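# Observations on chain architecture
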Amino acid sequence: MDQQALKRGAAEAALAEVEEHGIVGVGSGSTVDAFIDVLARSMLPVKGVIAASAASERLLHARGLPVLGLADIDRLPVYIDGADEIDPQLNLIKGGGGALTREKVLAELSERFICIADASKRVERLGRFPLPIEVVSYARSFVARRLVALGGQPVWRQDYLTDNGNPILDVHGLQLDAPLQIERTLEALPGVVTVGIFARRRPELALIAAPEGVLALPRPAAASAAPAAGG
Ligand code: 5RP
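Residues numbered from 1 in each chain as written. Predicted model: local features only at pLDDT ≥ 70, side-chain atom pairs only at ≥ 80, totals over all residues. Heavy atoms only, no water.

This brings us to the site of the ligand. Looking at the ligand, there are 17 residues lining it, with Ser 30, Thr 31, Asp 84, Gly 95 and Lys 121 nearest. Measuring from an oxygen atom of the ligand, one finds a side-chain N or O atom of Ser 30 at 2.5 Å. Ala 99 is positioned with one of its backbone polar atoms (N or O) 3.1 Å from an oxygen atom of the ligand. Contact with the protein chains removes 91% of the 380 Å² of surface that the ligand exposes when unbound. Taken together, the residues of the shell around the ligand sort by class into two nonpolar, nine polar and six charged. (Near = heavy atom within 4 Å. Polar contact = N/O pair within 3.5 Å; in protein donor to acceptor, adjacent residues only side chain to side chain. Areas by Shrake-Rupley, 256 points an atom, 1.4 Å probe, with all protein chains shown as cover. Nonpolar A, V, L, I, M, F, W, Y, C, P; charged D, E, K, R; others polar.)

And the structure:
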């Protein structure tokens, strides 16, 4: 089974998550493209779809789906998006397609975040995929030096600007064993717009397509703090 067929399998499984006459959010990338296609072909009536990238928005228009903007909605019942890496706790690396900032906004707004992917995206630990970080142009070299000090090797994504007009640094070699802490540390650096770790807002569910079928992985509870000594 080729990867495209697997992506489509995950996209088909996600259709069950969309409410009739409801609003749905979509991220960006080839798996999301497959979902948009599945949604359009299903003829399921939806009130509107909000997209995390200009490319997804173009595809929605091309498929005749009703497109909404962020200012049009105050709640988002479900958000469907792909990922570059997914660990067992459903921490994600995203942003390979550069849409990480708007993706994080929609994930944060959503009541249910569903990640769709083929099984090649599953990893034991995040970090094989270079971590995308969107920065403001002015601070690119400053942020890059701070990333080097933290042990990373940032590579400027050449000839590329996000839909927000910002450059991206793809960072190799960072230690991501504590994804939530590193997400917070990196997002606190002045000049950083968004870090492609999704640990603070993990998906409620991952639908992972493998040749044997689609695996539904609910989000495990966050590890609880160690009990106080003597308590
Ligand atoms: C875009 C993303 C995508 O979800 C991620 O890159 C996966 O893409 P694909 O579905 O093409 O494998 O984060 O910013």
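A complete count under the given rule lists 15 salt bridges for this structure. Note that Asp 37 and Arg 41 form a salt bridge whose closest N and O atoms lie 3.0 Å from each other. On the criterion of helical spacing, the pair formed by Asp 37 and Arg 41 is a turn pair, its members being four residues apart in helix H2 (residues 30-42). One salt bridge connects Glu 183 with Lys 104, and the closest N-O pair in it is separated by 2.6 Å. Within this pair, whereas Glu 183 is found in helix H6 (residues 179-187), its partner Lys 104 is found in helix H4 (residues 100-109), the two being separated by 79 residues in sequence. Residue Glu 183 is classed as buried on the basis of its relative accessible area of 2%. Here the salt bridges share partners, and the residues they tie into one network are Arg 8, Glu 12, Asp 37, Arg 41 and Arg 63. (Salt bridge = Lys/Arg side-chain N within 4 Å of Asp/Glu carboxyl O. Helix = DSSP H or I, 4+ residues; strand = E, 2+ residues; numbered from the N terminus. Buried < 20%, exposed > 50% of the residue type's maximum accessible area, 1.4 Å probe, protein only.)

The next thing to look at is a nonpolar patch on the surface. Where nonpolar side chains cluster on the molecular surface, the patch consists of Val 136, Tyr 138 and Val 193 and spans about 320 Å² of accessible area. Looking at where Tyr 138 falls in the secondary structure, it is placed in the loop between strand E8 (131-135) and helix H5 (140-149). (Patch = residues over 30% accessible without salt bridge, like charges linked within 9 Å, V, L, I, M, F, W, Y side chains within 5 Å.)

Mapping Asn 166 onto the fold places it in the loop between strand E9 (153-156) and strand E10 (168-172). There is a polar contact of 2.8 Å between the side chain of Asn 166 and the side chain of Glu 134. Every residue in contact with Asn 166, bar those within four places of it in the chain, is listed here: Glu 134, Val 135, Val 136, Tyr 160, Leu 161 and Val 193. (Contact = heavy atoms within 4.5 Å.)

A word on the sheet that holds strand E1 (residues 23-26). With mixed pairing, seven strands are arranged side by side in an open sheet as E3-E2-E1-E4-E7-E13-E14. Two strands close off the open sheet at either side, each with one partner strand: strand E3 (67-68) and strand E14 (213-218). Two elements, strand E2 (residues 48-51) and E3, share two bridges in a ladder whose sense is parallel. Within the sheet, the bridge partner assigned to Val 49 lies in E3 and is Val 67. Where helix H3 (residues 54-62) meets the sheet, its contacts fall on E1, E2 and E3, and the angle it forms with E2 comes to roughly 155°. (Pairing = 2+ DSSP bridges. Axes fitted to C-alpha atoms, helices over the stretch in contact; angles between N-to-C directions.)

Turning to the domain arrangement of the chain, a few remarks are in order. As assigned here, the chain comprises domain 1 (3-122 + 199-218) and domain 2 (131-196). For domain 1 and domain 2, the distance between their C-alpha centres works out to 24 Å. At the junction of the two partners, domain 1 supplies 18 residues and domain 2 supplies 20 residues. Carbon and sulfur atoms supply 50% of the area that domain 1 and domain 2 bury against each other, a total of about 1,300 Å² over both sides. By the criterion of area lost to domain 2, the three top residues of domain 1 are Leu 100, Thr 101 and Lys 104, representing 35% of everything that side buries. If you look at where domain 1 meets domain 2, you find two salt bridges. Close ionic contact of Glu 187 with Lys 104 constitutes a salt bridge, the shortest N to O distance being 2.8 Å. Taken together, the connections running from domain 1 to domain 2 amount to 14 residue pairs in polar contact (both at pLDDT 80 or more). Going through the elements one at a time, strand E6 (92-93) and H4 are the ones with two or more residues in the side of domain 1 that touches domain 2. (Domains from an automatic or database assignment. Buried area = accessible area lost by both parts, 1.4 Å probe.)

Below, the discussion takes up the sheet that holds E8. Reading across the sheet, the four strands line up as E9-E10-E8-E11 and stay open at both edges, with antiparallel pairing between neighbours. Each of the sheet's edge strands pairs with one partner strand only, and the pair in question is E9 and strand E11 (192-195). Between one strand and the next, the sheet's axes are offset by a mean angle of 30°, whatever the strand orientation. On the sheet, H5 packs against E8, E9, E10 and E11 and is oriented at approximately 10° with respect to E10. Of the strands in this sheet, E8 and E11 touch H6, which is tilted by about 165° from E11.

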